[in-house]
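# Topology and contacts: notes
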Amino acid sequence: MSIKKYIPNLVTLLNLFCGSIAVIFAVHNNFVATALFVFLGIFFDFFDGLLARKLNVQSPLGVQLDSLADMVTSGLVPGIVMFKLISISTNSPEIETLNDWATNSTWSIHISWLALIGLFITLASCYRLAKFNLDEDQQTYFKGLPTPANTLLIISLPLIIEFQNSSFATNLILNQWFLIALTILSCYLLNSKIKLFALKFKDYSFANNKFRYALIIATAALLAIFHFMAIPLIILLYILLSLIKK
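We now turn to the structure provided with this report.

Cut-offs applied
- Residues numbered from 1 in each chain as written.
- Predicted model: local features only at pLDDT ≥ 70, side-chain atom pairs only at ≥ 80, totals over all residues.
- Heavy atoms only, no water.
- Phe/Tyr/Trp six-rings, centres within 6.5 Å; stacked < 30°, edge-to-face > 60°.
- Helix = DSSP H or I, 4+ residues; strand = E, 2+ residues; numbered from the N terminus.
- Buried < 20%, exposed > 50% of the residue type's maximum accessible area, 1.4 Å probe, protein only.
- 1 Å grid on protein atoms, 1.4 Å probe; cavity = no way out; pocket = protein on both sides within 12 Å on 5 of 7 lines; lining within 4 Å.
- Points joined across faces, edges and corners; volume = space filled by probe spheres on them.
- Nonpolar A, V, L, I, M, F, W, Y, C, P; charged D, E, K, R; others polar.
- Contact = heavy atoms within 4.5 Å.

## Observations regarding the packing of aromatic side chains
Overall, the coordinates contain 8 aromatic pairs when judged by the stated rule. When the ring of phenylalanine 197 is compared with that of tyrosine 238, the centres are 5.3 Å apart and the planes differ by 85°; the resulting orientation is edge-to-face. Of the two residues, phenylalanine 197 sits in strand E4 (residues 195-197) while tyrosine 238 sits in helix H9 (residues 230-245), which places them 41 residues apart along the sequence. Neither phenylalanine 197 nor tyrosine 238 differs from the other in exposure class; each is buried. Clustering of aromatic rings is evident, with ring pairs tying together Phe43, Phe44, Phe46 and Phe47.

## Observations regarding the layout of surface pockets
As a volume, the second largest pocket reaches approximately 320 Å³. Residue lining of the second largest pocket: 16 residues in total, with Leu153, Leu157, Phe178, Leu182 and Pro232 positioned closest to the centre. For the lining of the second largest pocket, the secondary-structure elements that each account for two or more residues are helix H5 (147-163), helix H6 (167-173), helix H7 (176-190) and H9. In the lining of the second largest pocket, the residues fall into 16 nonpolar, no polar and no charged.

## Section: the environment of glutamine 176
Inspection of the secondary structure assignment puts glutamine 176 in helix H7. Considering only alpha carbons, one finds glutamine 176 and alanine 115, 61 residues apart in sequence, at a separation of 8.9 Å. Contact partners of glutamine 176, with chain neighbours within four places excluded, come to Ser89, Thr90 and Leu114.

## Thoughts on the environment of serine 67
Tracing the sequence through the fold places serine 67 in helix H3 (residues 60-89). Taking relative accessible area as the criterion, serine 67 reaches 9% and is therefore assigned buried. In this structure the C-alpha to C-alpha distance between serine 67 and phenylalanine 25, which are 42 residues apart in sequence, comes to 22 Å. If we ignore the near neighbours within four places in the chain, the residues touching serine 67 are Leu129 and Asn133.

Below, the structure written as structure tokens:
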């Protein structure tokens, strides 16, 4: 029995492993470490499918594993990050538990109910991933924003606050109404019918890949100029290029 058929699934599980670690850091408000493990998870997510195609070991199991891993790295993590950001923006407690097991006293939970809106991203991601598994048309394009792209958009917000040193950007990101509006937009984009071109190359000719090359070049330029603030611009450019291509 060839071991090569297990390699892509192992890479997929590495995505899940990184996503699980990202959840732990996100819960403890360590957004930089969260982003690091999300980036690693998305890296593994990109290469598991590539390896499966190169090794010619694609399988229904791999498809299901991929979506289950994405549900954590690109579904649960951005929901938690948005929950945390909304909690910070409203200056309200996230989750506080008061208990004394030694005396068997009752315990209560104080939670920022408004911040729970951030978890809608997790619900929308789950719905999108389930639809993706059942949609056989999405081989050369995506219908709606892919969950990894949406996760990069959400995870960029605390990184902009941490590293960009822009009072305007910080005040905007920590505005609760901006965050709620972005959550609603994120949920819509994930499950919209907008057709976005896939980044898979069947060949490397310019004629067949001009939009992909344009996105790659623009991404490099925007990151060099704007750093983490470039990520929302790149997502917007991706959507605009897809609309132009259509």
